[in-house]
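Chains, contacts and geometry: an overview
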Amino acid sequence: MRDARARYILTAMGIPLWQGRESLPAAADPWVPLAARVQDCRLCVLHQTRTQTVLGTGSREARWFFVGEAPGADEDRQGEPFVGRAGQLLDAMLRALSLAREEVYIANVLKCRPPRNRDPEAAEVQQCLPYLEQQIALVAPTVLVALGRIAAQSLLGTTAPLGGLRGRVHHYQGIPLIVTYHPAYLLRSPADKRHAWDDLKRARALVGHE
Ligand code: URA
């Protein structure tokens, strides 16, 4: 929690504030109730078919926050986002930015796998999005990177196509947000990797200006 904006959001969400994370007692750590709420969540039908929920991974003080769509089969099995083939490409994208997975935060819009990896339904996004909102408020990153159409549309509250959202800086809760291709798409369309790199360089410039 770095600034007044995060403080405001957490207070509005009823999450206790604290001074200095280092000395935070476990009972006052807002990640603990958040993780428990996600783990026990039964707000939508996806809880019926999940193996486990997938909250997120990485540094809770990260400057970079990457947002994907939803867990796939590998993530549902392992409980961690982006561990399958798309995750390997995401790791390569991070390496190109000289970033390790441990220094960024990675989460999805949905915390449960949609059956057969279908697109999330609007109601599922609406019910799950508050968890992501809380994660973003807690991490208070310098930049958000929306990976693919679902992440971008969910965060920006738009139905605009991905092509219309790339190439400029948006804002979410006052945090600069860059939209780029989903790694799974890039596996199918490697020619677009160079455009994704342009997007990531734009994000890197924002982090550099902090
Ligand atoms: N695709 C996503 O959007 N998220 C994951 O965690 C894995 C694949």
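Here we summarise the structure given alongside this text. Bear in mind that the values here come from a model prediction, so they are computed numbers and not experimental data. (Residues numbered from 1 in each chain as written. Predicted model: local features only at pLDDT ≥ 70, side-chain atom pairs only at ≥ 80, totals over all residues. Heavy atoms only, no water.)

**Focus on the pairing of strand β2 (residues 64-68)**
- The buried count for β2 comes to 5 of 5 residues, which makes it a mostly enclosed element.
- Of the two faces of β2, both are covered, the one formed by W64, F66 and G68 as well as the one formed by F65 and V67.
- By the bridge criterion, 4 bridges tie β2 to strand β4 (residues 143-147) in an arrangement that is parallel. Bridging across to β4, F66 finds its partner in V145.
- Inspection of the sheet shows β2 paired to strand β3 (residues 105-108) by 4 bridges, in the parallel sense. (Buried < 20%, exposed > 50% of the residue type's maximum accessible area, 1.4 Å probe, protein only. Helix = DSSP H or I, 4+ residues; strand = E, 2+ residues; numbered from the N terminus. Pairing = 2+ DSSP bridges.)

**Details of the sheet that holds strand β6 (residues 175-180)**
- Strands sit in the order β1-β3-β2-β4-β6-β5 across an open sheet of 6 strands; the sheet is mixed. Both outer strands of the open sheet, β1 (57-58) and β5 (170-172), are each paired with one neighbouring strand and no more.
- By the bridge criterion, 4 bridges tie β4 to β6 in an arrangement that is parallel. When the sheet's bridge partners are listed, A146 is paired in β6 with V179.

**Thoughts on the site of the ligand**
- Taken together, G68, E69, A70, E75, P81, F82, N108 and H182 make up the full set of residues adjacent to the ligand.
- Separating a nitrogen atom of the ligand from a backbone N or O atom of A70 is a distance of 3.0 Å.
- Each residue belonging to the shell around the ligand can be placed in one class, and the counts come to 3 nonpolar, 3 polar and 2 charged. (Near = heavy atom within 4 Å. Polar contact = N/O pair within 3.5 Å; in protein donor to acceptor, adjacent residues only side chain to side chain. Nonpolar A, V, L, I, M, F, W, Y, C, P; charged D, E, K, R; others polar.)

**Brief notes about helix α5 (residues 122-139)**
- Taking 1.5 Å of rise per residue, the 18 residues of α5 would be expected to cover 26 Å, and the 25 Å separating its terminal C-alpha atoms lies within 8% of that figure.
- Every buried residue belonging to α5 is among E124, V125, C128, L129, Y131, L132, Q134, Q135, I136, A137, L138 and V139, and all of these are buried.
- Positive backbone phi, approximately 50 degrees, marks A140, located one or two places after α5. (Expected span 1.5 Å × (residues − 1).)

**Brief notes about the pattern of salt bridges**
- This model, assessed by the stated rule, comprises 7 salt bridges.
- A salt bridge links K201 to D198; the shortest N-O distance between them is 3.8 Å. Here K201 and its partner D198 are both found in helix α9 (residues 193-208), 3 residues apart, which amounts to about one turn of the helix.
- Each of the salt bridges in this network shares a partner with another, and the network as a whole consists of E80, D91 and R101. (Salt bridge = Lys/Arg side-chain N within 4 Å of Asp/Glu carboxyl O.)

**Observations concerning empty space enclosed by the protein**
- Counted by the stated rule, this structure contains 1 cavity of 30 Å³ or more.
- In this structure, the largest cavity spans a volume of roughly 100 Å³.
- Around the largest cavity sit 14 residues that line it, and C41, C44, C112, C128 and Y131 are the ones nearest its centre.
- The biggest single contributor to the lining of the largest cavity is α5, with 4 residues.
- A class-by-class count of the residues in the lining of the largest cavity yields 8 nonpolar, 3 polar and 3 charged. (1 Å grid on protein atoms, 1.4 Å probe; cavity = no way out; pocket = protein on both sides within 12 Å on 5 of 7 lines; lining within 4 Å. Points joined across faces, edges and corners; volume = space filled by probe spheres on them.)

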